[in-house]
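Structural overview
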Amino acid sequence: MSQAQSPSSSGSSALVDTSRQGNVLVLTINNPPVNAFSPGVPEGLHAGLDMAEADEGIQAVVIIGGGRTFIAGADIKTFDMPREQAPDLRGFITRLDAFSKPTVAAIHGTALGGGLEVALACNYRVATPDAQLGLPEVKLGVLPGAGGTQRLPRVVGVQKALEMMLSGNPVRAAEAEALGLVDELADGDLLTAAVAYAEAVAMARPLPRISERAAEGSAELFAAARAGLGKTHKGQLAPGLIVDLAEMATQKPFQEGWDAEAALFMQAKDSPQSRGLRHIFFAEREAGKIPGLGKTTPQLEIRSAGIIGAGTMGGGIAMNFLNVGIPVTIVETAQDALDRGLGVIRKNYENTAKKGRMSMDDVEKRMALLTPTLSMDDLKDADIIIEAVYENMDVKKEIFTRLDAVAKPGAILASNTSTLDVNEIASVTKRPESVIGLHFFSPANVMKLLEIVRADKTSDTVLATSMALAKKIRKVGVVVGVCDGFVGNRMIHHYGDEARKLVEEGAKPQDVDAAMHTLGLPMGPFEMSDMAGLDVGYLIRQHQAKVAGQPKPDGWLDRIVEQGRKGQKTQAGIYDYPDGRKPVPSAATDEVLNTYRSEKGLQSREISQEEATKRLTYSLVNEGAQILDEGIAQRAGDIDVIYIYGYGFPAYRGGPMQYADEQGLSSVVADLENYGHTPAPLLKKLAQEGKTFADWDKEKARA
Ligand code: T1G
């Protein structure tokens, strides 16, 4: 095996090895971890093609990935490089498509994005049965930019190509073969199969050129595709461009579509939406890294779990473990509550089975892993125990005192508290190093976010185990510190306050919510409050005022609750719900607001959507900056991940902190001051230095 020397460039490329098998030259890409098309890869591949061209004895070329996968795409880190420095994927693909000798892509792992585009420019594709092939560019706010929009429709048909490019989801090799995207499924060794295919087929036939086929599609098909974008990709740029390019593949010569694709790719790549989605791609992976905790930090094995509380949260949490085959013992204080909890879990699974997403056999298998009990003593062997009872510190302390006596040595003791002080909970145990917060978001079996609350004495092992467990149960884990509300809820508290102020100043609740719809959130603050239940906040405010010896709260929201309008669950809250689900502006709420404003002498004024949007998003950003300054969150990117996976912030905005970076922190500071707020010191400092939150994250990572 030698390293390809590229005559066209000075040094050899260590990223591509060449080897010869009979008359076949094998080019093996070694660019771990995913063989992205990084600088050095094209140089090596070109050198390999040079070698194949120069040697008459070579009659075919096989391109294969070393390690765990074929090429997983262009190197996303190079998107913002100056064009002349970025790896020239299109240039390589142009050469490969016209190459004089037959080429075979040998695919295992994932052939994604530019990786599949390289494979499409090969004459043939051989894949392992578990390989996956896809064009996920839309998830990065871009479009396939190296021929995918023109070649895929010509191979699998426009309908399937649109489905793949708009969803960004891969297909498995068996389906790819049925589609004609893969020519042969390799049984046994992939390279052996690919070389054999090159010898038996590729060398025996005239070279097939995808670009010479026509793609077919009807006007109705494209009209339907465009109409669907309003639902699936509302407000996004790249999906519409993908439909345009797929349509071009049916109407124009290949070269014209190829050229148009390049221009539209650049347009999408340079959009704030692509910057937002690429930011989240990396931020989500960074959030899983805990500075100071390397791969050598010992972890505990989680083979069984105990859940205390079989209510909505406890049941949802239990399902996450059952879904990955981890047995759960679930505890309640009364048989009817236990039966009810199990019934909800079973019903959830049966509903999924009715939708065809799992079999009834799967339902039974998962339910068989669930052991109900009324005795906490039955948790004595559990590797992790998660308390999921209602938000009351005394109750939690009592439970953790019992757990301390029951749980085996080394068991992780976790609380699902959404705001309470995990240090205080840990203080009642003799094992504070084993205590951690695992804040699941409701519904816990659906929402991907898991705030991992690191208490003062939580050990590195418990923390690292919890982060690994988050991945295992398919959650996006983010480490947060102890404070009231941790990160997400602490910020949303300010967001809710600002929303209420906007209404007191004259805005209609539906207009405030509409501002957030325009930003891309599925629900605005008042729809969210009605959904959660207004009485939750009401009781907290009443309790806090009583504890503080303050007068009973009498805000406009309190008055709505006191009319028995508790939100969607009572078909009336801030909105009315005549059909039980869809919010409709309520005359009763308008009346409460008008009375309240006149009693308080509040002058109503017109409030623009721009003002509402700025005040709501910047209330999050300002508190987020304070949270960073206090070290409660490790990165601004972590806060963005929390808001995308826990609060429905649109990923194509990148999260609140990325959104602020896009507006410019100086203008955020100016707007905050203009609306009567004091910018957090860190935000002010970054603005004064002309920096972004992303800069702050980078500097911190280097420290
Ligand atoms: N570029 C750069 N780095 C990448 C990368 C990529 N394409 N894919 C993964 N990484 C890094 C990732 O950040 C992480 O780094 C490590 O690899 C492991 O990733 C012209 C323009 C392949 C399914 O969108 O979907 O081609 O944190 O944790 O869970 O048309 O990675 O270790 O430092 O995700 O096993 C299209 C994106 C690009 C594929 C593997 N391709 N990657 O999942 O590992 S755009 C994609 C993935 C394009 C062309 C267009 C997944 C994976 P670190 P990981 P994994």
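Note that the structure is a prediction, hence the values are computed from the model and not measured.

Here we take up the overall build of the protein chain. Per the secondary structure count, the protein chain includes 29 helices and 20 strands. Taking 2.2 N^0.38 as the reference for a compact globule, 703 residues should give roughly 27 Å; the C-alpha atoms of the protein chain span a radius of gyration of 29 Å, in line with that estimate. Taken across its 703 residues, the protein chain has 55% of its residues classed as buried. If you take every contact in the protein chain between residues at least 6 apart in sequence, the share linking residues at least 24 apart comes to 70%. By element, 53% of the accessible surface of the protein chain is carried by carbon and sulfur atoms, the whole surface being about 29,800 Å². Side chains of the protein chain carry 75 positive and 90 negative charges; the gap between the two charge centres is 2 Å.

Time to look at the sheet that holds strand E6 (residues 110-112). The sheet built from three strands is open, its strands ordered E6-E8-E9 with mixed pairing. The strands lining the two open edges of the sheet, one partner per strand, are E6 and strand E9 (171-172). Sheet topology note: the strand E8 (residues 132-134)/E9 ladder contains two bridges and is antiparallel. Each residue of the ladder has a partner; that of Gln132, found in E9, is Arg172. Against the sheet, helix H3 (residues 114-121) makes contact with E6 and E8, and its axis sits at roughly 90° relative to E6, the strand it touches most.

Now for the domain arrangement of the protein chain. Considered domain by domain, the protein chain is made up of domain 1 (7-269), domain 2 (305-480), domain 3 (491-600) and domain 4 (622-702). One C-alpha centre belongs to domain 1, the other to domain 3; they are set 52 Å apart.

It is worth spelling out the UniProt feature "domain: 3-hydroxyacyl-CoA dehydrogenase NAD binding" (unreviewed entry) in the protein chain at this point. This chain's UniProt record puts "domain: 3-hydroxyacyl-CoA dehydrogenase NAD binding" (unreviewed entry) on residues 305-481. This span, residues 305-481, is 41% helix and 20% strand, and a straight line between its end C-alpha atoms measures 24 Å.

Our next topic: the site of the ligand. What surrounds the ligand is a group of 28 residues, the closest being Arg68, Ala74, Gly114, Glu117 and Glu137. One nitrogen or oxygen atom from the side chain of Arg68 is found 2.7 Å from an oxygen atom belonging to the ligand. One nitrogen or oxygen atom from the side chain of Arg285 is found 2.8 Å from an oxygen atom belonging to the ligand. In the complex, the protein chains occlude 74% of the 1,000 Å² of accessible area that the ligand would expose alone. Elements supplying a minimum of two residues to the shell around the ligand: E6, H3 and helix H11 (272-287). If one sorts the elements of the shell around the ligand by residue count, H11 sits on top with three residues. Residues that form the shell around the ligand fall into these classes: 16 nonpolar, five polar and seven charged.

Counted under the stated rule, the structure contains 50 salt bridges. The shortest N-O distance in the salt bridge between Arg500 and Asp497 comes to 2.6 Å. Of the two residues, Arg500 and Asp497 are both situated in helix H18 (residues 488-504); the distance of three residues between them amounts to about one turn of the helix. A relative accessible area of 22% places Arg500 in the partly exposed class. The salt bridge involving Asp576 is made with Arg565; its shortest N-O contact spans 2.7 Å. Of the two residues, Asp576 sits in strand E19 (residues 575-576) while Arg565 sits in the loop between helix H22 (556-562) and E19, which places them eleven residues apart along the sequence. Three or more residues are tied together by salt bridges with common partners; here these are Glu498, Lys501, Glu505, Arg605, Glu611 and Arg615.

Moving on, we get to helix H2 (residues 89-97). By the criterion of burial, H2 is predominantly enclosed, with seven of the nine residues buried. For H2, every residue scored as buried is listed here: Leu89, Arg90, Phe92, Ile93, Arg95, Leu96 and Asp97. Among the structural elements, helix H1 (41-54), strand E4 (60-65), strand E5 (103-107), H3, helix H4 (148-156) and helix H10 (254-269) are those in contact with the buried residues of H2. Among the residues of H2, the N-terminal cap falls to Asp88, whose side-chain oxygen and the backbone nitrogen of Arg90 are separated by 3.4 Å.

Definitions and limits used
- Residues numbered from 1 in each chain as written.
- Predicted model: local features only at pLDDT ≥ 70, side-chain atom pairs only at ≥ 80, totals over all residues.
- Heavy atoms only, no water.
- Helix = DSSP H or I, 4+ residues; strand = E, 2+ residues; numbered from the N terminus.
- Rg over C-alpha atoms; globule rule 2.2 N^0.38 Å.
- Buried < 20%, exposed > 50% of the residue type's maximum accessible area, 1.4 Å probe, protein only.
- Contact = heavy atoms within 4.5 Å.
- Areas by Shrake-Rupley, 256 points an atom, 1.4 Å probe, with all protein chains shown as cover.
- Lys, Arg positive; Asp, Glu negative; His and termini not counted.
- Charge placed at Lys NZ, Arg CZ, Asp CG, Glu CD.
- Pairing = 2+ DSSP bridges.
- Axes fitted to C-alpha atoms, helices over the stretch in contact; angles between N-to-C directions.
- Domains from an automatic or database assignment.
- UniProt positions renumbered as here; feature names shortened; annotations may be inferred.
- Near = heavy atom within 4 Å.
- Polar contact = N/O pair within 3.5 Å; in protein donor to acceptor, adjacent residues only side chain to side chain.
- Nonpolar A, V, L, I, M, F, W, Y, C, P; charged D, E, K, R; others polar.
- Salt bridge = Lys/Arg side-chain N within 4 Å of Asp/Glu carboxyl O.

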